[in-house]
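Fold and contact review
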Amino acid sequence: MTEHTCEYLIVGAGLAGASAVEGIRECDRRRAITMLGAEPHLPYDRPPLSKKLWLGQKKLRDIYLHSRAFFEDQGVALLTDRRAVALDVRHKTVHDASGRSYRFGKLLLATGATPQVLPIHGGRLDGICYYRELDDYRRIRAEAQADKSVAIVGGGFIGSEMAAVLCSNKLRVTMIYPASHLCDRVFPEKLGLAMEQRFRERGIRILKAQKPVAFARRGSRFIVRTDAGTRLEADLVIVGAGVAPAVALAMQAGLATGDGILVNAYLQTAHPDIYAAGDNARFPYRALGQTARVEHWDNALNQGRQAGRNMAGAQAPFTYMPYFFSDLFEFGYEAVGEVNARMETRADWRKPFETGTIYYLRNGKIRGAMMCNVWDQVETARALIRDGAAAPGRPARARRARPPADAPATQASALPPLAEQVCAPPASGDTPLTPAQARRLRREVPGWSLAGAMLTRELKFDSFGAAMAFVNQVARIADEQGHHPDMSVSYRTVRLSLTTHKIGGLSRNDFIMAARIDRNTLLTAPGV
């Protein structure tokens, strides 16, 4: 039996494993690293397999994480097409399918996840594609010719993404899934139904609330039968029925598992010299106060790197909050935290079901957020989750009766009669207010300072996340009204300025804007 010895052994040549190399080398430039990969390829990115490769936005050469020369320069023995089959914890040795053994000082299990195979008649029929790996892409790409028909089983991430890209490549697509709407694990029902309608408008046939019960072949075509009695034929069948964490090595070695390999905050398993990271690891998700297993790209990238650092002695807890993303035709989103459509959700749409943010709540607090066609806001969402912020737009507190028109307003629950009258938008354009009107209206927009042709206000919040949530709401309201207020944020302090370009002072719409900010946002902004 051939034996190979190294200080660091990485089982799994995906993103988590490749990132671990970088993490190790941040702390240890010298000692040997060996990486075993079950696939015959260099480590590569998976997201392009169901996105940019199909849309011509990337070529195959672009998806590889590093060249072979990189691994050589880093002192890594990269051994592809080597499937690990056994782990001996006592002797700190891994065995592969060909009988070779690898003795290690520290081990990372970055084995990822494997597709769920449907337990139905014909579920393992030759030619059915459980789509996940580079070879799956190459095969389907070669067969996916325009006007061919494809049956896609599954309405989650892989199913929805593959349906979109194959439709864009002019295939005739039918989707089959058991849920009541598309992407039901993460999309609230109304958004899922709206997305289904977009798919139908693109020509995609949707068979929802149905499960396949049998696959068969007739010549070169597949026959799919569902529990609703539907029978359809297709040239291709692609299944995206979820994945299971690859925990066989850990279980065989007696390491603790449970929907993943159980690790501590330092990504160590029950054995202090054995770590796990990526799709297969169940870790303490500090910001959420619970354990989690995350199957997304960003988690593998950052968790793998931290595992590598800790293997080399850093011993720092993994506290990062990973995000995930998807693109379905023109609808793209980024999401972070606990994103589960079975939770209470609250949507803040700029344009319904196209642009806006969905908040996922427990006990009225934000636990997750999905930004739909809204970009560069992941860090803001992370801050809201860490701070336990309340969702924007929650029901306002009880309000007192409206004060008389000639009395100063004590709160901004509604525009009082004078403002409704004077601030009513003119039929065309916008006119400056007279000084007398401005003084009277100033009393009805409390908290704002009036200086020449500028309204200003400074607010303090309990946290940076709450301040950013307020800024985002103001930006939404302002955008709807065609205004562009100046806003600055300094940790917990927000400064707002509303100015006019009208000659002669403030205009009616400046006061409308200030009143709407107070009425629609200030009373519901967390932490004010």
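This section reports on the structure supplied with the text. As the structure is a computational prediction, the values presented were derived from the model and not from experiment. (Residues numbered from 1 in each chain as written. Predicted model: local features only at pLDDT ≥ 70, side-chain atom pairs only at ≥ 80, totals over all residues. Heavy atoms only, no water.)

Right, let's talk about the overall build of the chain for a bit. Scanning the chain from terminus to terminus reveals 12 helices and 29 strands. Residues classed as buried in the chain amount to 53% of the 528 residues present. When contacts within the chain are restricted to residue pairs at least 6 apart in sequence, those whose partners lie at least 24 apart make up 62%. For the chain, the accessible surface area stands at approximately 23500 Å², while carbon and sulfur atoms represent 48% of it. (Helix = DSSP H or I, 4+ residues; strand = E, 2+ residues; numbered from the N terminus. Buried < 20%, exposed > 50% of the residue type's maximum accessible area, 1.4 Å probe, protein only. Contact = heavy atoms within 4.5 Å. Areas by Shrake-Rupley, 256 points an atom, 1.4 Å probe, with all protein chains shown as cover.)

Between its terminal C-alpha atoms helix 5 (residues 189-201) stretches 18 Å, which fits the 18 Å expected from 13 residues at 1.5 Å a residue. Among all positions of helix 5, only Leu191, Gly192, Ala194, Met195, Glu196 and Phe199 are buried. Phi turns positive one or two residues past the end of helix 5, at Gly203, with a value near 100°. (Expected span 1.5 Å × (residues − 1).)

A few words now on the environment of Asp259. Residue position: Asp259 is located in the loop between helix 6 (248-252) and strand 17 (261-262). Here the alpha-carbon distance between Asp259 and Ala244, two residues 15 residues apart in the chain, equals 7.9 Å. Asp259 has contacts with Pro245, Arg282 and Arg293, leaving out every residue within four places of it along the chain. A polar contact is formed between the side chain of Asp259 and the side chain of Arg282, at a distance of 2.8 Å. (Polar contact = N/O pair within 3.5 Å; in protein donor to acceptor, adjacent residues only side chain to side chain.)

Reading across from one edge, 12-13-14 is the order of the three strands in this open sheet, with antiparallel pairing throughout. The open sheet has two edge strands, strand 12 (212-218) and strand 14 (231-234), and neither has a second partner. Pairs of neighbouring strands in the sheet enclose a mean axial angle of 25°, with direction left out of account. Note: strand 12 against strand 13 (residues 221-226), six bridges, orientation antiparallel. Of the residues in strand 13, the one forming a bridge with Arg218 is Arg221. (Pairing = 2+ DSSP bridges. Axes fitted to C-alpha atoms, helices over the stretch in contact; angles between N-to-C directions.)

Spatially, three strands are ordered 17-19-20 in an open sheet, and the strand pairing comes out mixed. Bordering the open sheet on either side are strand 17 and strand 20 (290-292), each of which pairs with just one other strand. Both strand 17 and strand 19 (residues 281-285) contribute to a ladder of two bridges, which runs parallel. Within the sheet, the bridge partner assigned to Leu262 lies in strand 19 and is Arg282.

Glancing now at unusual backbone geometry. Look at Lys170: it is not a glycine, yet its phi comes out positive at around 70°. Counting through the fold element by element, Lys170 comes out in the loop between helix 4 (157-168) and strand 10 (172-177). Positive phi outside glycine occurs at Asn373, with the angle close to 55°. One can find Asn373 in the loop between strand 25 (365-372) and helix 8 (378-387). Classification of Asn373 by relative accessible area gives partly exposed; the value is 23%.

What follows covers helix 3 (residues 134-143). Residue pairs three or four apart in sequence face the same way in an α-helix, which turns once every 3.6 residues. Of all the residues in helix 3, the buried ones are Leu134, Asp136, Tyr137 and Ile140. The arc enclosing the buried residues of helix 3, seen along the axis, measures out at 150°, which places them on a common side. Structurally, helix 3 contributes buried residues whose contacts are with strand 8 (129-130) and strand 15 (236-239). (Arc of directions from axis to C-beta.)

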